[in-house]
Amino acid sequence: VRLALANNRNLSLAAQEVEKADQAERAEAREMLALNDALKTLEEKDARKARVVELRFFTGLTMEEIAEVLGVSVVSIYRDMRFATAFLAQQLKTA
């Protein structure tokens, strides 16, 4: 009887852990969708700023490398990134 109760507790704990993991995964998926939507909105507003974010965070280029790829000054890339970061933060806050 004790063994059966212990097994039930273990199963219950395991089920709770699975549920927590599932909830976290769903929350992460919602966040990724919100970020994708925010990036699309930024792209509609200013395609270069969206491209800067993509190159920085999804390809790992440095600001200097991004400037070279896009053919603009490093100062412009930093300015674009500041704007894009603020814009995306605002979009995600309202999502």
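Predicted model, so just to flag it, every value in this text is computed and none were measured.

(A) Quick look at the overall build of the chain. Scanning the chain from N- to C-terminus turns up four helices and zero strands. Scanning the chain from its N terminus toward the C terminus, one meets helices and strands in the order α-α-α-α. For 95 residues, the compact-globule formula gives about 12 Å, and the C-alpha radius of gyration of the chain, at 22 Å, lies well above that figure. Across its three principal directions, the C-alpha atoms of the chain cover 75 × 25 × 15 Å.

(B) Structural context of the nonpolar core. Counting 15 residues, the largest nonpolar core has L42, V53, I66, I77 and L88 as the members making the most contacts within it. Secondary-structure elements contributing two or more residues to this core are helix 1 (2-45), helix 2 (47-58), helix 3 (63-70) and helix 4 (74-94). Tallying contributions element by element places helix 4 first for this core, with five residues. Ignoring any residue separated from it by four or fewer positions in sequence, one finds L88 in contact with A38, L39, L42 and V53.

(C) Quick peek at the packing of aromatic side chains. On inspection of all chains with the given rule, the structure shows one aromatic pair. Arranged with centres 6.0 Å apart and planes meeting at 15 degrees, the rings of F83 and F87 form a pair that is stacked. Of this pair, F83 and F87 both sit in helix 4, four residues apart, which is roughly one turn of the helix. Assessed through its relative accessible area of 34%, F83 is described here as partly exposed. Under the relative-accessibility criterion, F87 is labelled buried at 14%. Sitting over the ring of F83, K49 keeps its end group 5.3 Å from the ring centre.

(D) Structural detail: the side chain of D80. Among the secondary structure elements, D80 is positioned in helix 4. With a relative accessible area of 3%, D80 lands in the buried category. For D80, the residues in contact, after removing those within four places along its chain, are R48, K49 and V52.

(E) Region of interest: the environment of D37. Here D37 is to be found in helix 1. With relative accessibility at 46%, the residue D37 sits in the partly exposed group. Separated by 55 residues in the primary sequence, D37 and L92 place their C-alpha atoms 9.0 Å from one another.

Conventions used here
- Residues numbered from 1 in each chain as written.
- Predicted model: local features only at pLDDT ≥ 70, side-chain atom pairs only at ≥ 80, totals over all residues.
- Heavy atoms only, no water.
- Helix = DSSP H or I, 4+ residues; strand = E, 2+ residues; numbered from the N terminus.
- Rg over C-alpha atoms; globule rule 2.2 N^0.38 Å.
- Core = buried A, V, L, I, M, F, W, Y, C linked by side-chain atoms within 4.5 Å.
- Buried < 20%, exposed > 50% of the residue type's maximum accessible area, 1.4 Å probe, protein only.
- Contact = heavy atoms within 4.5 Å.
- Phe/Tyr/Trp six-rings, centres within 6.5 Å; stacked < 30°, edge-to-face > 60°.
- Lys NZ or Arg CZ within 6 Å of the ring centre and 35° of its normal.

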